[in-house]
Amino acid sequence: MTALSDAQRMEKIVSLCKRRGFIFQSSEIYGGLNGLWDYGPLGVELKRNLKNCWWRVMVHERNDVVGMDGSILMNRAVWKASGHEDTFVDPMIDCRSCKSRLRADQVFEKKGAKQCPICGSKDLTEPRAFNLMFKTHVGATEDEASITYLRPETAQAIFVQFKNVLEVSRKKLPFGIAQIGKAFRNEINPRNFTFRSREFEQMELEYFCRPEQGMELLEYWKDERLKFYGNIGIPRSKLHVLTVPDEERAFYSKGTYDIEYEFPFGRQELEGVAYRTDYDLSQHQKASGKSLEYFDEETKQKFIPHVVEPSAGVDRTVLALICEAYSEDQAPDEKGNMETRIVLRFHPRVAPIKCAVLPLLKNKEPLVAKAKEIVDLLRPHMYIFYDESGAIGRRYRRQDEIGTPFAITVDFETLGEKDPALRDTVTLRDRDSMKQERIRISELTHLLLTRIA
Ligand code: GAP
């Protein structure tokens, strides 16, 4: 088998995502809408499992973090104070010939003049600021007073609710507020499948601390986040930590790391971990006139907390999980001839379906009845798929292709027809090794729960 090039690999991944129901183009029957995607039946499970893992690790397993869920639309004053209205912009150039809007840093000079990279025309506008926020109006009248924006990050809802959450949770510094939710950016060049989208989800933690703890916590959170990726199946060897240079960092940040993953289309950012100082809370305190200070009961001092922010993209992580999981190997078909097998080697923790239950034959009532009993036994504990149609080898392949880590087959031995000692046992097949072991039905729940934990 010849090795796939990165481009071929990416093409196969995109096609598998559509074919098996992970990701579809948004509004596809109308020709789609650039930079927007819908998650199908398997994609939504994968995404949900990822978000649940993040929430468990970042909120439930800690004493120092609580969650919240803010609204997507907020008072326009939030975006003025945060700086997004004035500074969340990319300089853009329009091509007057082909009408393309281009990012200024992607337009290069040829023979002393700037040239459109799409059509080659030199008839270009001067660079202009283009705000990445989607503007909308709240209420019946569309005037200046009703303007607001779809949020371009979830973080600001956390900053503006800082005081309320602090009061109800009665946490002491350092402590964090976590949130998962949609964000919207009118990206000029959406590309690389879901990597750069116009609507996406973020998983953000704002971890508030004393000023002197900021730099140490920046290191701590970078390391925690690297561990997280390892625990969902993204190996450390495919992750890179970029220290964002001074000149590229936001002016208020004292340190930022980008955690990057080796996608087939190149090394790209999965998550940013930034020490944002007290910039955001100070801005909102100034603009709202409401105190966002923390009162330290020991020292009797009041101050604005600093914050360290690990901010991860749900969609980018889902894409990294799929890219990491995609593999092709050789396996024997029904007749023993070797064929190419497509396998998504997801970590069982994130796999959309945890286990398939398959009666060996669909026209043997006792096999079907037993298989359905097993489905009822396991269903309260995990997402199960029941499949009785087609040859057993084909059914295994279908599950391999969507990354189901385990398959249970109910055969004649389960019914005790050949050997009474094997009554109420089944075969449990492992997706990656394709090895099968004989297991008592009574032990299945515990065994599977241990393997998918
Ligand atoms: N609150 C900080 C913040 O929003 P960011 O680096 O702009 O920082 C954080 O975004 C993460 O959100 C990125 O690391 C990425 O995973 C995800 N993200 C940002 N823009 C995105 C886009 N257009 N499409 C998909 N994910 C995006």
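Residues numbered from 1 in each chain as written. Predicted model: local features only at pLDDT ≥ 70, side-chain atom pairs only at ≥ 80, totals over all residues. Heavy atoms only, no water.

**Student:** Just to check I follow, could you spell out the site of the ligand for this structure?
**Tutor:** Contacts to the ligand come from 20 residues, most closely from E153, S197, E204, E269 and L270. A distance of 3.4 Å separates a nitrogen atom of the ligand from a polar side-chain atom of R316. Protein contacts shield 88% of the accessible area of the ligand, which totals 560 Å² for the unbound molecule. At the level of secondary structure, the elements contributing two or more residues to the shell around the ligand comprise β12 (199-209), β15 (266-277) and β18 (306-313). With five residues, β15 is the largest single contributor of residues to the shell around the ligand. Residues of the shell around the ligand, tallied by class, amount to five nonpolar, five polar and 10 charged. (Near = heavy atom within 4 Å. Polar contact = N/O pair within 3.5 Å; in protein donor to acceptor, adjacent residues only side chain to side chain. Areas by Shrake-Rupley, 256 points an atom, 1.4 Å probe, with all protein chains shown as cover. Helix = DSSP H or I, 4+ residues; strand = E, 2+ residues; numbered from the N terminus. Nonpolar A, V, L, I, M, F, W, Y, C, P; charged D, E, K, R; others polar.)

**Student:** Could you clarify how one ought to interpret unusual backbone geometry in this entry?
**Tutor:** Most peptide bonds take the trans configuration, and most residues that are not glycine carry a negative phi. Here the amide bond leading from L173 into P174 is cis, since omega sits at -5°, within 30 degrees of zero. The topology assignment puts P174 in the loop between α6 (162-169) and β11 (175-184). One non-glycine residue, S27, lies in positive phi territory at about 50°. By the secondary structure assignment, S27 is in the loop between β1 (23-25) and β2 (37-39).

**Student:** Got a minute to help me understand the sheet that holds β12 in this structure?
**Tutor:** Within a beta sheet, neighbouring strands are joined by backbone hydrogen bonds and run either parallel or antiparallel to one another. Strand order in this open sheet of seven strands is β3-β11-β12-β18-β15-β14-β13, and the pairing throughout is mixed. Two strands lie at the open edges of the sheet, namely β3 (65-67) and β13 (239-243), each paired on one side alone. Between one strand and the next, the sheet's axes are offset by a mean angle of 25°, whatever the strand orientation. Pairing between β15 and β18: six bridges, direction antiparallel. Residue pairing across strands places E271 opposite A312, the latter belonging to β18. The sheet strands contacting helix α7 (residues 214-231) are β12, β13, β14 (255-263), β15 and β18, and the helix crosses β15 at an angle near 150°. This element, helix α9 (residues 314-325), spans β11, β12, β14, β15 and β18 of the sheet and lies at about 35° to β14. (Pairing = 2+ DSSP bridges. Axes fitted to C-alpha atoms, helices over the stretch in contact; angles between N-to-C directions. Contact = heavy atoms within 4.5 Å.)

**Student:** Help me understand the pattern of salt bridges, please; the structure alone is not making it clear to me.
**Tutor:** Two side chains carrying opposite charge are able to pair once their charged atoms lie near each other. For the structure shown, the criterion picks out 39 salt bridges. Notably, a salt bridge pairs R431 with D432, separated by 2.7 Å at the nearest N-O pair. Here the salt bridges do not stand alone but share partners, grouping D329, R341, R345, D400, R429, R431 and D432 into one network. (Salt bridge = Lys/Arg side-chain N within 4 Å of Asp/Glu carboxyl O.)

**Student:** Any chance you could explain the pairing of strand β25 (residues 436-440) here in plain terms?
**Tutor:** Successive residues of a regular strand alternate their side chains across the two faces of the sheet. Relative to β25, strand β24 (residues 425-430) is paired through five bridges, and the arrangement is antiparallel. From the neighbouring strand, L428 faces β25, where its bridge partner is E437. Counting the residues between successive antiparallel strands, the hairpin from β24 to β25 contains five residues, one of them, M434, with a positive phi of roughly 60°.

**Student:** Can you help me understand the packing of helix α2 (residues 41-60) against α7 in this one?
**Tutor:** Closest axis-to-axis distance for the α2/α7 pair is 12 Å, and the angle between their directions is 140°. Between α2 and α7, the angle is such that the two are oblique. Between α2 and α7 lies a crossing of right-handed hand. Where α2 abuts α7, its residues L50, C53, W54, V57 and M58 lie against W221, R225 and F228. Classifying every residue of the contact of α2 with α7 gives seven nonpolar, no polar and one charged. (Parallel < 35°, antiparallel > 145°, perpendicular 65-115°, else oblique. Left-handed = near helix turned anticlockwise from the far one by under 90°.)

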